[in-house]
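As a plain string of letters, each chain reads:
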Amino acid sequence: MSDIIQLLPDSVANQIAAGEVIQRPASVVKELVENAIDAKADSITINIKDAGKTLIQIIDNGIGMSDTDARLSFERHATSKIKTADDLFSISTMGFRGEALASIAAIAHIELKTKQENNEIGTQIIIEGSKVNSQEATSCAKGTNFAVKNLFYNVPARRKFLKSNTTEFGHIISEFQRIVLANPEVEFKLFHNNSEVYLLPKTNIRQRIVSVFGKRINQNLITVESNTSIISIRGFIGKPEYARKKSGEQFFFINSRYIRSAYFNKAIINAYGQILQPETVPSYFLFLDADPSTIDVNIHPTKTEVKFEDQQAIWQIIHSAVKQALGKNNIAPSIDFNQEQGFDIPILSKETEIKNPRIDIDHSFNPFEQKSTFSKNPKSSALSLEKENLANWDKLYDGFEKENQQSDDFSSFSNDNTQQTITDTSISEKYFHVKNKYILTPVKSGLMIIDQKRAHERILFEKFLQALSVESSVIQASLYPKTIELDAKDHALLMDIKNDLKILGFDIEDFGGNSIVINGMPADSNNQEPEQIIDKFLNEYSSGADPKTQVQEKIAKSLAKASAISSNQKLNNEEMREMIDLLFACQNPNYSPFGKLIVSIIKTDELEKRFI
Ligand code: ADP
Ligand code: MG
């Protein structure tokens with residue numbers, strides 16, 4: 001039998017390697033920007049077209065390459081960063097495998113211009129699918145200028161798997177954020193389709209965080225600093241009250257390299273302990289410096305994981321550094337008890353009169369008061385809801401026990417069923433407000449308890465969904481235009497769903513950079529500031545609850561959650577009545593859009609059991 005093994009041509013080998021190193025446009029951005037940093041550039045410009053599908057251009061002012069190096073840089077295993085295996089134990093550059101350029105060249109059209117500082121003239125190379133089409137002298141600025149066009153043009157399967165431009169650009173921004181946070185002393189500019197996304201001047205780490213995530217983060221940062229013989233840690237953690245549901249502000253770097261580590265993440269979260277709201281994650285920007293020889297560098301080229309010689313000791317160091325930082329800022333749970341506002345544990349003596357627990361009832365309600373705080377426009381609220389349902393809601397719960405009916409019941413004791421007391425039911429319906437959170441009202445079968453926030457979420461959700469499905473706008477309150485600065489991802493996201501938001505009353509326009517202007521917002525916004533609602537909305541919307549949820553449903557859900565009244569808002573009797581009417585006009589009054597119970601009934605026999 002003849003021999004069947006043959007060596008793959010380089011171009012094929014490179015394409016295979018490219019599959020590992022380059023998964024999407026964001027991988028190209030990462031590799032090229034890291035190369036620019038390794039080349040000691042202190043100013044890097046990134047031009048992206050169509051989320052990188054058409055163009056990814058990286059311009060740096062680093063050391064540049066000679067003619068020969070420029071040509072060689074596209075060969076596999078061509079690197080200037082290590083020479084011997086020993087060098088693997090002292091790596092201080094981002095790259096070292098010499099795979100990135102060879103991989104990118106195999107699957108795209110590349111134009112490279114580069115010049116070293118002391119040379120008069122630079123060199124230009126054009127490569128398509130690993131094939132060098134031309135190399136010639138050119139005049140260009142000091143540094144390197146890579147243009148990568150038509151990524152995956154020869155790997156249709158890959159190209160087909162690319163996601164929408166919003167998603168792919170989102171990936172680019174994630175990579176970009178990781179790099180710019182680790183390199184505050186480098187100036188970065190990012191443009192997408194010719195418009196500016198980020199302009200980040202050289203600065204320190206704190207200012208860099210602020211310029212990436214917006215000014216509001218500044219007062220929420222707590223400094224972390226700890227030096228031990230194994231590692232040193234510096235950076236910032238977010239105050240617990242700033243913790244969000246969405247992840248996106250958790251950054252962990254080892255020797256300036258971004259690392260994802262569930263293990264170290266736990267060390268940080270654990271240090272916060274109980275002071276975090278359930279399901280929220282604090283922001284953190286932590287930089288670890290360690291001797292490169294204690295880190296396992298033999299990691300996969302694109303993996304962002306790392307192995308230390310002594311993982312456990314490092315876990316402890318991170319944990320205590322974070323705890324210490326929280327403690328210094330008086331927010332560690334362990335010191336709550338020493339504070340004046342801390343828990344007061346009463347010590348009972350025999351003489352102390354033991355008071356029964358009591359329910360706080362709001363006696364101040366005025367049934368004649370018309371003002372409604374949870375819905376500025378009651379007419380609009382009921383607009384599209386099921387009127388029939390509204391009329392009959394009390395049947396759903398065996399009837400409301402109104403005062404006139406109560407007297408019926410009472411009279412039945414006196415064997416006089418015919419007596420009817422006629423009262424104005426609109427003022428005789430009594431609602432009790434408990435802890436400014438639950439609405440209590442008697443129904444035939446017992447005592448009905450309604451969670452006001454969830455009820456309001458359900459009401460708004462159905463209203464928003466309806467508005468979106470028939471494209472009839474909800475009532476809008478116009479505002480004095482308000483400008484809000486966002487991070488690039490949130491900005492792109494809002495621009496994507498701008499039209500749906502407009503139907504829901506949010507009139508948002510692009511204001512350049514990552515800013516937006518809000519000209520109007522839903523009338524049902526419960527007196528909240530527009531930035532507050534946008535913030536809550538983004539938090540919910542991008543926490544990505546269920547990727548299968550339809551976009552419009554997700555928008556309606558998130559906006560309902562963001563606009564609903566809080567769990568400690570006072571409601572008067574009229575407002576409670578309106579809330580209950582609207583709730584039972586909903587198609588599904590029992591559960592919130594997030595599947596949480598809204599209505600619970602304590603049955604009469606349960607009540608009776610308590611008094612046996
Ligand atoms: P690695 O970064 O692992 O060395 P790459 O394929 O990314 O491998 O790059 C190959 C080589 O090309 C680098 O080692 C470096 O010498 C050179 N190079 C790449 N990009 C630049 C740049 N922007 N400026 C100067 N030299 C560069
Ligand atoms: Mg590299």
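How each quantity is defined
Each chain has its residues counted from 1, following the order in which its sequence is written. Here the convention is simple: chains get letters from A, ligands get numbers from 1, in the order in which they are written. Local features in this predicted model are restricted to residues whose pLDDT is 70 or higher, and side-chain atom pairs enter the listing and the counts only when it is 80 or higher, whereas totals over whole chains, interfaces and linings include all residues. For the side-chain quantities, the full set of heavy atoms in the structure was used; hydrogens and water were omitted. Strand pairing is assigned whenever DSSP detects at least two bridges linking the two strands. Runs of E in the DSSP output that reach at least two residues are strands. Runs of H or I that reach at least four are helices, and both are numbered from the N terminus. All axes here are fitted lines through C-alpha atoms, helices being fitted over the stretch that makes contact, and every angle between N-to-C directions spans 0 to 180 degrees. Put simply, a residue is near a molecule or strand once any heavy atom of it comes within 4 Å of that molecule or strand. Polar contacts, as used here, are pairs of N or O atoms within 3.5 Å; protein pairs need one atom able to donate a hydrogen and one able to accept it. Residues neighboring in sequence count only if both atoms are side-chain atoms. Here, Shrake-Rupley sampling with a 1.4 Å probe gives the accessible areas, and only protein chains in the shown set may cover a residue. Basically, the charged four are Asp, Glu, Lys and Arg, the nonpolar ten are Ala, Val, Leu, Ile, Met, Phe, Trp, Tyr, Cys and Pro, and anything else, Gly included, counts as polar. Helices are assigned an expected span. That span is 1.5 Å times one less than the residue count. Buried means the residue's accessible area, taken with a 1.4 Å probe over protein chains only, is under 20% of the maximum for its type, while exposed means over 50%, and partly exposed covers the values in between. Think of it as the arc spanned by the lines of direction from the helix axis to the C-beta atoms. Here, two residues are considered to be in contact whenever any of their heavy atoms come within 4.5 Å of each other. For our purposes a nonpolar core is just a set of buried Ala, Val, Leu, Ile, Met, Phe, Trp, Tyr and Cys residues, chained together by side-chain atoms within 4.5 Å. Domain delimitation follows an automatic or database domain assignment. In this scheme, patches are assembled from residues that exceed 30% relative accessible area and form no salt bridge. Like charges are connected within 9 Å, while nonpolar side chains (Val, Leu, Ile, Met, Phe, Trp, Tyr) are connected within 5 Å. Should a side-chain nitrogen of Lys or Arg be within 4 Å of a carboxyl oxygen of Asp or Glu, the pair is scored as a salt bridge. Aromatic rings from Phe, Tyr and Trp, taking only the six-membered ring of Trp, are treated as a pair when their centres fall within 6.5 Å; an angle between ring planes under 30 degrees marks them as stacked, one over 60 as edge-to-face, and anything in between as tilted. Relative orientations are named as follows: roughly parallel for angles under 35 degrees, roughly antiparallel for angles over 145 degrees, roughly perpendicular for angles from 65 to 115 degrees, and oblique for any other angle. In a left-handed crossing the near helix is turned counterclockwise from the far helix by less than a right angle, and in a right-handed crossing that turn is clockwise.

Participant: Before we move on, could you go through the sheet that holds strand S17 (residues 438-443) and cite the residues and values that matter?
Facilitator: Reading across from one edge, S16-S17-S18-S22 is the order of the four strands in this open sheet, with antiparallel pairing throughout. Where the open sheet ends on each side, the last strands, each with one partner, are strand S16 (432-434) and strand S22 (599-603). Across the sheet, the mean angle from the axis of one strand to that of its neighbour is 30°, orientation sign disregarded. Bridge count between S17 and strand S18 (residues 446-451): six bridges; the pairing is antiparallel. Bridging from a neighbouring strand, Thr441 pairs with Met448 of S18.

Participant: Explain the site of ligand 1 to me, and be specific about the residues and the numbers.
Facilitator: Lining the immediate environment of ligand 1, one finds 20 residues, of which Asn35, Thr79, Ser80, Lys81 and Gly98 sit closest. Interatomic distance of 2.9 Å between a side-chain N/O atom of Asp60 and a nitrogen atom of ligand 1. Within the backbone of Leu101, one N or O atom sits 2.9 Å away from an oxygen atom of ligand 1. Compared with its free state, where it exposes 530 Å², ligand 1 has 93% of that area covered by protein. Of all elements in the fold, only helix H2 (25-38), helix H4 (100-106) and strand S6 (143-149) reach the threshold of two or more residues within the shell around ligand 1. Among the residues forming the shell around ligand 1, the class breakdown is eight nonpolar, eight polar and four charged.

Participant: Tell me what's going on with helix H1 (residues 10-21), and back it up with residues and numbers.
Facilitator: Between its first and last C-alpha, H1 extends 16 Å over 12 residues, near the 16 Å set by a 1.5 Å rise per residue. Ala13, Asn14, Ala17, Ala18 and Val21 are the residues of H1 that are buried. Buried residues of H1 fall within an arc of 145° about the axis and therefore sit on the same side. Looking at the packing, one finds that the buried side of H1 touches H2 and H4.

Participant: Before we move on, can you summarise the nonpolar core with the specific residues and values?
Facilitator: If you look at the biggest cluster of nonpolar residues, it comprises 64 residues, and the most contacted ones within it are Ile44, Phe188 and Phe285. The element contributing the most residues to this core is helix H6 (residues 165-182), with eight residues. Here this core spans two domains, and each of domain 1 (10-200) and domain 2 (205-328) adds at least three residues to it. Other than its neighbours up to four places away in sequence, Phe285 contacts Leu181, Ile209, Phe213, Ile217, Leu221, Arg234, Gly235, Phe236, Glu249 and Phe251.

Participant: So what about helix H9 (residues 311-328)? Which residues, and what values?
Facilitator: Between the first and last C-alpha of H9 there are 26 Å, a value that for 18 residues agrees with the 26 Å anticipated at 1.5 Å per step. Taken together, the buried positions of H9 are Ala313, Ile314, Trp315, Ile317, Ile318, His319, Ala321, Val322, Ala325 and Leu326. On its buried side, H9 packs onto strand S9 (221-227), strand S10 (231-238), strand S11 (250-254), helix H8 (262-272), strand S13 (284-290) and strand S15 (307-308). Following H9 by one or two positions, Asn330 has its phi on the positive side, about 55°.

Participant: Run through a nonpolar patch on the surface, naming residues and quoting values.
Facilitator: A contiguous nonpolar surface patch, about 510 Å² in accessible area, is contributed by Met1, Ile4 and Ile5. Summarising the element assignment, Ile4 is placed in the segment before H1.

Participant: Which residues make up the packing of aromatic side chains, and what values go with them?
Facilitator: What describes a pair of aromatic rings is the distance from one ring centre to the other and the angle between the planes of the rings. Throughout the structure, instances matching the rule amount to 14 aromatic pairs. Taken together, a centroid distance of 6.1 Å and an interplanar angle of 65° make the contact between Phe251 and Tyr258 edge-to-face. Of the two residues, Phe251 and Tyr258, both sit in the buried class. Judged by centre distance (6.5 Å) and plane angle (50°), the ring pair of Tyr263 and Trp315 falls under tilted. Here Tyr263, found in helix H8, pairs with Trp315, found in helix H9; they are 52 residues apart in sequence, far enough to count as distant. Three or more aromatic residues link up through ring pairs in this structure, and these residues are Phe213, Phe251, Phe253, Tyr258, Phe285 and Phe287.

Participant: So what about the pairing of strand S1 (residues 43-49)? Which residues, and what values?
Facilitator: For S1, the buried fraction is high: five of the seven residues fall into the buried class. The sheet contact formed by S1 and strand S7 (residues 187-192) spans six bridges and is parallel. Considered in S7, the bridge of Ser43 is made with Glu187. Sheet topology note: the S1/strand S2 (residues 55-60) ladder contains six bridges and is antiparallel. Along S2, the bridge assignment pairs Thr45 with Ile59. Counted between consecutive antiparallel strands, the loop separating S1 from S2 contains five residues, among which Asp50 sits at a positive phi close to 50°.

Participant: Account for the packing of helix H17 (residues 530-541) against helix H18 (residues 551-563), naming residues and giving values.
Facilitator: With their axes 8 Å apart at the nearest point, H17 and H18 run at an angle of 135° to one another. It follows that H17 is oblique to H18 by the angle criterion. At the point where H17 passes H18, the crossing takes the right-handed sense. Counted together, Ile533, Lys536, Phe537, Glu540 and Tyr541 of H17 and Val551, Lys554, Ile555, Ser558, Leu559, Lys561, Ala562 and Ser563 of H18 form the full contact between these two elements. Across the contact of H17 with H18, the residue classes break down as seven nonpolar, two polar and four charged.

Such coordinate-based values are descriptive only and should not be taken to indicate function.
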